[in-house]
Amino acid sequence: MMTILGFTAFAALFLAQQGLLGAASPTAPTSDAAAASELNTLATALGWKYFGSATDNPELTDTAYVAILSDNGMFGQITPGNSMKWDATEPERGTFTFSGGDAIASLAEGNGQLLRGHNCVWYNQLPSWVSSGGFDAATLTSIIQTHCSTVVGHYKGQIYSWDVVNEPFNDDGTWRTDVFFNTLGEDYVGIALEAASGADPAAKLYINEYNIESAGAKQTALLNLVQSLQSAGTPLDGIGFQCHFIVGEVPTDLQASLEKFTALGLEVAITELDIRMTLPSTDALLAQQKTDYESVIAACRAVSGCVGTTIWDYTDKYSWVPSTFSGQGAACPWDENLVTKPAFDGIVSALS
Ligand code: G3I
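Residues numbered from 1 in each chain as written. Predicted model: local features only at pLDDT ≥ 70, side-chain atom pairs only at ≥ 80, totals over all residues. Heavy atoms only, no water.

Under an unreviewed UniProt entry, the name given to the chain is Beta-xylanase, and the organism recorded is Plicaturopsis crispa FD-325 SS-3. Taken verbatim from the UniProt record of the chain, the Catalytic activity (unreviewed entry) comment is "Endohydrolysis of (1->4)-beta-D-xylosidic linkages in xylans." (UniProt positions renumbered as here; feature names shortened; annotations may be inferred.)

Student: Teacher, can you tell me more about the site of the ligand here?
Tutor: Lining the immediate surroundings of the ligand are 13 residues, of which Asn82, Lys85, His118, Glu167 and Glu272 lie closest. Between an oxygen atom of the ligand and a side-chain N or O atom of His118, the distance comes to 2.7 Å. Here a nitrogen atom of the ligand and a side-chain polar atom of Glu167 are 2.9 Å apart. Expressed as a share of its isolated accessible area of 790 Å², the protein-covered part of the ligand is 46%. Of the residues contributing to the shell around the ligand, the split by class is three nonpolar, seven polar and three charged. (Near = heavy atom within 4 Å. Polar contact = N/O pair within 3.5 Å; in protein donor to acceptor, adjacent residues only side chain to side chain. Areas by Shrake-Rupley, 256 points an atom, 1.4 Å probe, with all protein chains shown as cover. Nonpolar A, V, L, I, M, F, W, Y, C, P; charged D, E, K, R; others polar.)

Student: Please explain helix H6 (residues 99-111) as it appears in this structure.
Tutor: Think of an α-helix as 3.6 residues a turn; residues three or four steps apart then line up on the same face. Given a rise of 1.5 Å per residue, 13 residues ought to cover 18 Å, and the 18 Å separating the end C-alpha atoms of H6 matches this to within 8%. The buried fraction of H6 is high, at 10 of 13 residues. (Helix = DSSP H or I, 4+ residues; strand = E, 2+ residues; numbered from the N terminus. Expected span 1.5 Å × (residues − 1). Buried < 20%, exposed > 50% of the residue type's maximum accessible area, 1.4 Å probe, protein only.)

Student: Would you mind showing me how to read helix H13 (residues 283-301) here?
Tutor: Taking 1.5 Å of rise per residue, the 19 residues of H13 would be expected to cover 27 Å, and the 27 Å separating its terminal C-alpha atoms lies within 8% of that figure. All buried positions along H13 are accounted for by Leu286, Gln289, Asp292, Tyr293, Val296, Ile297, Ala299 and Cys300. Taken end-on, H13 shows its buried residues confined to a sector of 155 degrees, consistent with a single buried face. Of the exposed residues in H13, those oriented more than 90 degrees away from the buried face are Asp283 and Ala284. Where the residues of H13 are buried, they touch strand E1 (50-55), strand E7 (244-246), helix H12 (254-262), strand E8 (267-278), strand E9 (306-311) and helix H15 (342-351). (Arc of directions from axis to C-beta. Contact = heavy atoms within 4.5 Å.)

Student: Looking at this model, I keep getting lost on the nonpolar core. Mind explaining?
Tutor: The tendency in soluble globular proteins is for nonpolar side chains to be buried side by side. In this structure, Phe51, Ile144, Trp162, Phe180, Ile239, Phe241 and Leu273 are the most contacted members of the largest nonpolar core, which totals 96 residues. The next biggest cluster of nonpolar side chains, apart from the first, holds five residues, and it includes Tyr160, Tyr206, Ala269 and Val307. (Core = buried A, V, L, I, M, F, W, Y, C linked by side-chain atoms within 4.5 Å.)

Student: So what exactly am I meant to see when it comes to the packing of H12 against H13 here?
Tutor: Helix-helix packing is described using two parameters, namely the angle between the two axes and the distance between the axes. Interaxial distance between H12 and H13 falls to 9 Å at its minimum, and their mutual angle equals 30 degrees. With respect to H13, the axis of H12 lies roughly parallel. Here H12 runs over H13; the crossing is right-handed. Between H12 and H13, the residues in contact are Leu254, Gln255 and Leu258 and Val296, Ala299 and Cys300, respectively. (Axes fitted to C-alpha atoms, helices over the stretch in contact; angles between N-to-C directions. Parallel < 35°, antiparallel > 145°, perpendicular 65-115°, else oblique. Left-handed = near helix turned anticlockwise from the far one by under 90°.)

Student: Just checking my understanding: could you explain the layout of surface pockets for this structure?
Tutor: To find leftover empty space, one rolls a probe the size of a water molecule over the atoms. Here the largest pocket is characterised by a volume of approximately 670 Å³. If you trace the largest pocket, you find 33 residues lining it, with Gln242, His244, Glu272, Trp312 and Trp320 closest to the centre. Those elements that place two or more of their residues in the lining of the largest pocket are E1, E7 and E8. At three residues, E7 tops the list of elements feeding residues into the lining of the largest pocket. Per-class residue counts for the lining of the largest pocket are 12 nonpolar, 12 polar and nine charged. (1 Å grid on protein atoms, 1.4 Å probe; cavity = no way out; pocket = protein on both sides within 12 Å on 5 of 7 lines; lining within 4 Å. Points joined across faces, edges and corners; volume = space filled by probe spheres on them.)

In structure tokens, the structure reads:
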């Protein structure tokens with residue numbers, strides 16, 4: 001399966017470069033000028049580690065989609081949108097399944113792209129054997145340790161950074177009352193980070209959150225957690241700013257927010273960027289979206305510890321937004337036909 005997928009990606013990229021895949025050609029590098037608008041090429045020239053995209057296994061049968069995704073001048077990093085999550089990797093206690101994650105890891109390796117691991121411990125997409133198991137603290141500790149060390153260990157040497165803990169806080173800065181917090185209190189964060197560190201000491205270990213992009217109670221709670229983990233000597237390398245934004249509402253203090261975490265000695269990354277609008281899209285909304293993408297990329301560019309940006313899939317064809325926010329969408333820099341939008345030009349502008 002891995003070989004077939006690798007071959008498909010390679011063949012699709014070859015066809016795209018020959019101009020034989022019509023839908024992929026809008027972003028295929030056919031000249032120096034086209035290469036100059038390749039996002040990862042531009043980003044790495046600035047010193048970023050990558051410009052990347054999320055992807056998901058069902059999309060990998062779409063050869064035109066894969067051709068663009070696999071162009072490592074455009075994307076130097078990919079993140080599996082679902083297939084490394086707990087429900088995909090340990091659906092039953094002690095039974096680990098890595099086929100989906102392996103397919104994406106193989107694609108990244110074949111393309112010469114970095115890979116972000118997403119994620120080890122999250123309240124969502126968590127099998128009921130964990131969330132409703134009624135485990136005591138010692139047993140749940142062992143379950144977290146086994147899960148994180150097995151999953152992170154499986155991909156040892158293949159992952160640039162892991163979202164070890166995802167979305168631990170409510171928007172008001174209180175702890176999310178999931179099975180992990182309810183059973184272990186905040187200690188579960190350190191338990192997961194220690195297990196991940198032991199399994200792949202070279203991987204950068206992240207906490208990944210949303211609604212921390214602007215000053216407020218949630219950002220403060222995360223800053224306090226970082227300092228508490230650092231005081232305890234817990235391994236932690238980075239903070240992921242998800243950045244699921246709404247057109248016209250990008251926080252003006254995004255750069256300052258990133259800097260609060262780099263001031264604590266951490267790296268930061270924009271891990272899940274998309275900027276949605278109320279449909280239908282209009283020229284005015286697309287123009288504002290271009291400005292918004294440019295602002296986000298400029299904020300990361302202005303912060304020396306901001307190592308890269310990942311968009312939460314590059315095309316509206318596979319965006320998570322419409323199924324979650326009724327009447328909203330068009331959040332990505334490529335449209336549903338895999339053609340770049342003004343937002344793409346905004347990213348190029350900010351990286352140039
Ligand atoms: O796996 C089932 C499949 O068996 C079933 O047939 C199908 C029918 O709907 O559903 C499949 O599960 C879906 C899953 O994606 C895998 O495709 C879920 O319904 C769907 O809700 C789930 O959505 C994912 C979402 O996380 C879940 O919270 C999105 O694809 C994924 O992009 C999104 O990603 C999250 C990040 O992990 C964390 N930050 C927010 C971000 C956006 O929500």
